[in-house]
Structure formats: C-alpha cells, structure tokens
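Spelled out from the first residue to the last, the chains are:
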Amino acid sequence: MNNYEYCVPTDIRFGKGQVECLSKEIGKIGKKVLLVYGGGSIKKTGLYDKIYEVLKDYEIHELSGIEPNPRLASVKKGAELCKKYGIDVVLAVGGGSSIDASKHIACSAFYDGDPWDLVLDKTKVTKALPIFTVLTICATGSEMNPGAVISNEETKEKLEINHPFLYPTLSVCDPTYMYSLPKMQTAAGTADIVSHIFEQYFQPNDGAFITDRLSEAALKTCFKYGPIAINDPQNYEARSNLMWTSSIALNHLFTFGKGGAWSVHPIEHELSAFYDITHGVGLAILTPAWMRYVLSADTVKRFAMYARNVWDVQKEDDYEAAKTGIDLTEQFFIDMGLPGTLSEIGLDDSQFELMAAEAVRTSGLSTRSYVKLSAEDVVQIYKNCL
Ligand code: NZQ
Ligand code: ZN
C-alpha cells in the first residue's frame, strides 16, 4: 500500500429527522445564514419550510436558482451576499450543484478578486466560511469531500476547486428527502456514484487489498439498490444504502493506499461544460466505451477481477470474463433508463477535437491515469459513443 493521509472532518448526521440538529449546531458558530438552493424542488417537497422552522431564530439570506452544473455568476452573487450581510455560515440545501456553489462562495467571501482565480490557483484560498449541507440527491459525495466543480460560462470551462477548507462542517443526510427524486435523477446519481468507485478501482494497486474489496462491496450496493430506488422511490432501505455509498465513494476511502488520476470524469466534464448535460448521464454513456478502449493485456486482469467479484461472472478466460463484466455494466445503465449514446442526447462530433484537447490539458489523463490517454484517444472514445 502507498503512504496515505486520511482526514475527513465532516460531521455526518444520517437518518430520518436529523435536520433538527441544525439549530443547535449552527448556533455554535453564528446567527447569519446564507441559504443556497437550486431551482425550487425544496419548496415543492416542504423542506424549505422545514429549514425556516428549524432556523426560526436565525437571520437567513437566500441565494436561489443554483443551476445543475453551477455557474460562476451564481458564485459571484453568493460571495457578494456574504460580504454585504456579514454571513457566518453557508447552508446548502440540495445536491452537488448547490453544495459545490456553496463551497466556492464560502472561500470567495474572503477574496476580493474574481472567484475564478481561486479555481485556477488554490494557493489563493486563505479562509472559508463554515459550510453546512442538507443533501437531497445522492451522487457526488460533495457532502463529505473538499471538492467543488464550477462552470465558467464565458470560457466554457468546468473545473474543480479542491481545498481542505472546503470540507463541509456538517452534513444532514436524510434518505427520505430523496423520495421525490425523478427517476432520471436517481439513475444519473447512481451512475455518478458507480463512476466515482470505478475511477479509484481502475488504478494500479500495490497491495491495497482492503481498498479493492470495499470498492467491490460499494459497487454491488449500487447495482442492487439503484433499480430498486427507481422502481420504488420510497424504499428507505434502497435510498439509505445509496446515500451512504455516495458519501464514502468520494471521501477518498476507496483510493486509500492507491493513487493516480481519474479517466472518465475529465472526459465527461467537457461534455457538461460544452452542452450543459447531466453529469451522470454523460458518465453512463462514456464509461463502457472507455472500458472497451483501455481493455488490453495490461489491464485485463483487473477488468476480469471486477467481473468475477462484482458480477459473479464465472468465465475462466480473463478476456471473456472482462468483456462480460463490461457488457453487464453497460446494460445496468441502460436498464436504469439512461441513454446509451451521445446521439440519443442530440450531440454530434463537431466539438470532439476541442473537448478532447481540453480534457487532456486540464487533467492527468495523459500523464497519471490508469491507461494514459492522448487527445486523439479521447476523440476516438467520443466517436465510439456516437
Ligand atoms: O435545482 P432543484 O430544483 O433542487 O432540482 C434538482 C436538479 O434539477 C433536482 N433535485 C435534487 N434533489 C431533488 C431534486 N428533485 C426532486 N427531489 C429532490 N429531492 O435534481 C437536479 C440535479 O441536482 P444537482 O445538484 O445538479 O445534482 P448532483 O448532485 O448530481 O450534482 C451535479 C453537479 O456536481 C458536480 C457535477 O459535475 C455537477 O456539476 N460534481 C461534483 C463533485 C464533487 N463536488 O465532489 C464530484 C462529481 O464527480 C461531480 O463532478
Ligand atoms: Zn462524478
């Protein structure tokens, strides 16, 4: 196992009714709260009213309308509100988009220049307001990690800012808040969780046995409970297992003792930057194509191990086992109702070269990923998804 540093300071409050803790816990810090949320789902479900009831003694300012694939313009508005009202705590209620915007707002509140500077150079992050979250869709793991992915609508860049100051202080994870999720969001969220595990599982492994076995258990959890949550949205067992899996899938537990750069996420981030598509949808389309593209004599053992340990594939030949595992993965996404090709979501090949160049430029794809990929490789993967 490689040397590894592991410190996850987020206080997780998991289960029904945990939102009640916000009054006491935020009270330890201050009274002025910036409530950050998306397009209104929390109003429809009644969670918005519940937040106001729990925080009745607090001064609440609001930033609503956070876009899926949150934009820099929203971050700028949020940072201004923090400065104007002397905000003590940023409270994100929603999914990865509201949480990520809140993280970027929390550090931009202490920065006088353009918040995009902090994305490009994290040494400029000197401080951040405490971030609290109430999770309503499980997918990104943002509730328990220090990353935030922000889109710059002017430059068409979608980049991550990652800094230890951006771990949420506390996250409320109540699975019942996901009962209202549309099927497509449940499917896309599950695809995102699965992809996060893949990104860490498909890496060289010098003896991190425990990390691989934990990853396989998490993958099995997604493959079992994703379809149940889609067909039976109020199934607490399914929602709760998926919710906890999403948190641990991206709090570095599954990369413990390993390393390397991610492969499919940088390729997908260009799709959502250029076309504003749902992140999990892009991942579901790209993942089987990436797997087929990188399957080789060097990687076949790990793909066969995945097929046997996660899907119980019995084939003795490694290539046959690996290919079956990839086919089953693709079928899983399709069975959840996710599109299988880029053409299905209306994309053509007109931006492939540009997106591929950006994906390689802004990530470790060509230097540190499981199988190193050039821009030409990435173009071919996009083409294989048409
Ligand atoms: O905006 P509202 O009205 O709330 O509706 C949202 C949104 O349309 C809806 N929704 C959420 N909870 C709901 C609900 N609808 C009904 N009932 C509920 N309980 O779902 C839609 C998607 O929400 P969003 O927050 O965008 O989803 P997600 O959590 O998948 O976040 C996606 C963003 O996170 C980034 C992605 O790139 C994308 O920008 N990521 C963040 C990461 C991180 N911080 O670590 C890592 C990921 O790999 C990812 O890149
Ligand atoms: Zn993701």
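Thresholds applied
- Residues numbered from 1 in each chain as written.
- Chains lettered and ligands numbered in written order.
- Predicted model: local features only at pLDDT ≥ 70, side-chain atom pairs only at ≥ 80, totals over all residues.
- Heavy atoms only, no water.
- Helix = DSSP H or I, 4+ residues; strand = E, 2+ residues; numbered from the N terminus.
- Rg over C-alpha atoms; globule rule 2.2 N^0.38 Å.
- Buried < 20%, exposed > 50% of the residue type's maximum accessible area, 1.4 Å probe, protein only.
- Contact = heavy atoms within 4.5 Å.
- Areas by Shrake-Rupley, 256 points an atom, 1.4 Å probe, with all protein chains shown as cover.
- Donors = N, O, S within 2.8 Å, 3.2 Å for Na, K, Ca; no water.
- Near = heavy atom within 4 Å.
- Polar contact = N/O pair within 3.5 Å; in protein donor to acceptor, adjacent residues only side chain to side chain.
- Nonpolar A, V, L, I, M, F, W, Y, C, P; charged D, E, K, R; others polar.
- Domains from an automatic or database assignment.
- Expected span 1.5 Å × (residues − 1).
- Pairing = 2+ DSSP bridges.
- Axes fitted to C-alpha atoms, helices over the stretch in contact; angles between N-to-C directions.

Our focus in this paragraph is the overall build of the protein. If you tally the helices and strands in the protein, you get 15 helices and eight strands. Compactness check: the protein gives a C-alpha radius of gyration of 20 Å against a globular reference of 21 Å for 386 residues, within 12% of the reference. Along the first, second and third principal axes, the C-alpha set of the protein runs to 65 × 45 × 40 Å. Out of the 386 residues in the protein, the part that is buried amounts to 57%. Here the analysis covers contacts within the protein between residues at least 6 apart in sequence; of these, 77% occur between residues at least 24 apart. Of the accessible surface of the protein, which amounts to about 15,600 Å², a share of 51% is contributed by carbon and sulfur atoms.

Only Asp192 (OD), His196 (NE2), His265 (NE2) and His279 (NE2) from the protein reach the zinc ion (ligand 2) as donors, at distances of 2.0 to 2.2 Å. Counting gaps between the donor residues of the zinc ion (ligand 2) yields the pattern D-x3-H-x68-H-x13-H. Highlighted residues: aspartate 192 and histidine 196, both in helix α7 (residues 183–201), separated by four residues, approximately one helical turn. Under the relative-accessibility criterion, aspartate 192 is labelled buried at 2%.

With that settled, the discussion passes to the site of ligand 1. Around ligand 1, the structure places 31 residues, and the nearest of them are Gly39, Ser41, Gly96, Ser97 and Lys158. At 2.6 Å from an oxygen atom of ligand 1 is found a side-chain nitrogen or oxygen belonging to lysine 158. Here ligand 1 loses 88% of its free accessible area of 970 Å² to cover by the protein chains. Elements with a minimum of two residues in the shell around ligand 1: α5 (96–108), β6 (147–152), α7 and α10 (264–275). Partitioning the shell around ligand 1 into residue classes produces nine nonpolar, 19 polar and three charged. Per-domain counts for the shell around ligand 1 show at least three residues from each of domain 1 (11–177) and domain 2 (183–384).

The next subject is α7. Taking 1.5 Å as the rise per residue, α7 with 19 residues should run 27 Å; its terminal C-alpha atoms sit 27 Å apart, in good agreement. Counting buried positions along α7 yields 16 of 19 residues, so the element is predominantly enclosed.

Let us look at the pairing of strand β2 (residues 32–37). With five of six residues buried, β2 lies mostly within the body of the structure. Looking at chain direction, β2 and strand β3 (residues 59–63) are connected through five bridges and run parallel. Considered in β3, the bridge of leucine 35 is made with glutamate 62. Two strands pair when backbone bridges link them, and β2 and strand β4 (residues 89–94) are joined in this way by five bridges, in the parallel orientation. Among the inter-strand pairings, leucine 34 is bridged to a residue of β4, identified as valine 90.

The next thing to look at is the sheet that holds β4. On the basis of which strands lie adjacent, the open sheet formed by six strands has the order β1-β8-β5-β4-β2-β3 and parallel pairing. Across the chains shown, the open sheet's two edge strands, defined by having one partner strand only, are β1 (11–14) and β3. Across the sheet, the mean angle separating the axes of adjacent strands is 20 degrees when strand polarity is ignored. Where helix α3 (residues 47–54) meets the sheet, it contacts β2, β3, β4 and β5 (131–135), and its direction lies at approximately 170 degrees from that of β2. Against the sheet, helix α9 (residues 236–249) engages β1, β5 and β8 (170–173), with an angle of about 175 degrees to β1.

Purely spatial values, then, with no claim about function.
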